[in-house]
Amino acid sequence: MAKQLLGKEVTAALNERIKADVKKLEEKGVTPTLGIVRVGERPDDVSYERGAVKRCETLGVAYQKFLLPADVTQEELMKTIDEVNSNDGIHGVLIFRPLPKHLDEEAVVKALAPEKDVDGITDGSMVGVFTSTPQGFPPCTPQACMEILDHYGIDCTGKKAVVIGRSLVVGKPAAMMLLKKNATVTICHTRTKDMPSVVREAEIVIVAAGRAGVVDDTYLSPGQIVIDVGINVNEEGKLCGDVDYEKAEPVVEAITPVPGGVGSVTTSVLVGHVVEAAMRKMH
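Values in this document were obtained by computation on a predicted structure and should not be read as measured data.

1. Notes on the pattern of salt bridges
Going through the model one piece at a time under the given rule, you end up with 17 salt bridges. With a shortest N-O distance of 2.5 Å, Glu49 and Arg38 are connected by a salt bridge. One end of the pair, Glu49, is in helix α2 (residues 43-59); the other, Arg38, is in strand β2 (residues 33-39), and 11 residues separate them in sequence. Using a relative accessible area of 4% as the deciding quantity, one classes Glu49 as buried. Close ionic contact of Arg97 with Glu105 constitutes a salt bridge, the shortest N to O distance being 3.6 Å. Arg97 sits in the partly exposed class, given a relative accessible area of 32%.

So, in structure tokens, the structure goes:
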């Protein structure tokens, strides 16, 4: 029986830290504020926004929504980005992506001020992740993985870690963040030869493969800590991860469930970034 690394425990601890910081800011007359920029009405955007707004409300963080129609012009969207950048009352900005096809997403991302980039999408934020410097913010999902490791007292120093996936959203930043924690890191991807044998050697495994149940017991060995970043819908219409939980759970030492694992921590990480952005501005 593997230990379940539950997101709700991590979130509860994280929320207490965020509330304490919000209180410090309030004492100085500052209300940390998130600007939400959403183009169109994609159901997954709307649902993530609902979660973020709810988390803001419970933690004492304000928010302003900038909702634009799906057929918005590039010019209009750029104006909105300028507006959130120049508004001193907005400390962090969340831009929902992918944007509709007719828009130049790269130009939008480049225009966002890194110090307000609480979702870790700008080049400035990536530089911060790769150089371990406090510019911008790391993407919320890999940071949520680190919060889980920290909360459960999993020391990465000197341990072999494998990250499956090399995206800039999860894989690469997660690998850099593990390096910062003094792990020895290998990144696996679709061209990796004999991936199961590479993954079996690891003590810590972060799976961001983007395919349901792709990692099963043949990839795993006893004593491993497995963090499953995947969110997929299986044939029965149920949420599931990139790890085949039923097959993995009897083998490994600890594993995050899906749902109830990494995903449940990310919204608190996002709100935590808004608060941190407000605190950085004070100094």
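2. Quick notes on the pairing of strand β8 (residues 225-228)
In summary, the side chains of a regular strand alternate between the two faces of the sheet. Residue alternation in β8 divides its side chains into two sets, Ile225 and Ile227 and Val226 and Asp228, and both sets are buried. Sheet topology places strand β7 (residues 204-207) next to β8; four bridges connect them, and they run parallel. In the sheet register, Val207 faces β8, and the bridge partner there is Asp228. Relative to strand β11 (residues 254-255), β8 runs parallel, the two being bridged by two bridges. When the sheet's bridge partners are listed, Ile225 is paired in β11 with Ala254.

3. Brief notes about the nonpolar core
Leu149, Leu178 and Ile206 are the most contacted members of the largest nonpolar core, which has 51 residues in total. When residues of this core are assigned to their parent elements, the largest contribution, eight residues, is made by helix α10 (residues 263-282). Beyond its immediate sequence surroundings of up to four residues, Leu178 is in contact with Met146, Leu149, Cys156, Ala161, Val163, Ala183, Val185 and Ile206. In this structure, Ala2, Val199, Val205 and Ile255 belong to the second largest nonpolar core, which totals 18 residues.

4. With respect to the packing of aromatic side chains
Using the criterion set out here, one finds one aromatic pair in the structure. Taking 6.0 Å as the distance between ring centres and 85° as the angle between the ring planes, the aromatic pair formed by Tyr48 and Phe96 counts as edge-to-face. Here Tyr48, found in helix α2, pairs with Phe96, found in the loop between β4 (92-95) and α4 (105-111); they are 48 residues apart in sequence, far enough to count as distant. On the basis of relative accessible area, Tyr48 is assigned to the partly exposed category, the value being 26%. The cationic tip of Arg280 hangs over the ring face of Phe137; the distance from NZ or CZ to the ring centre is 4.1 Å.

5. Thoughts on the environment of Val185
As for its placement among the helices and strands, Val185 is situated in strand β6 (residues 184-188). Using a relative accessible area of 22% as the deciding quantity, one classes Val185 as partly exposed. When sequence neighbours within four positions are dropped, the list of residues in contact with Val185 reads Ala161, Val163, Ala175, Leu178 and Leu179.

6. Some details on the side chain of Asn85
Position of Asn85 relative to the elements: it lies in helix α3 (residues 74-86). A distance of 3.0 Å separates the side chain of Asn85 from the backbone nitrogen of Ala113, its partner in a polar contact.

Cut-offs and rules
Residues numbered from 1 in each chain as written. Predicted model: local features only at pLDDT ≥ 70, side-chain atom pairs only at ≥ 80, totals over all residues. Heavy atoms only, no water. Salt bridge = Lys/Arg side-chain N within 4 Å of Asp/Glu carboxyl O. Helix = DSSP H or I, 4+ residues; strand = E, 2+ residues; numbered from the N terminus. Buried < 20%, exposed > 50% of the residue type's maximum accessible area, 1.4 Å probe, protein only. Pairing = 2+ DSSP bridges. Core = buried A, V, L, I, M, F, W, Y, C linked by side-chain atoms within 4.5 Å. Contact = heavy atoms within 4.5 Å. Phe/Tyr/Trp six-rings, centres within 6.5 Å; stacked < 30°, edge-to-face > 60°. Lys NZ or Arg CZ within 6 Å of the ring centre and 35° of its normal. Polar contact = N/O pair within 3.5 Å; in protein donor to acceptor, adjacent residues only side chain to side chain.

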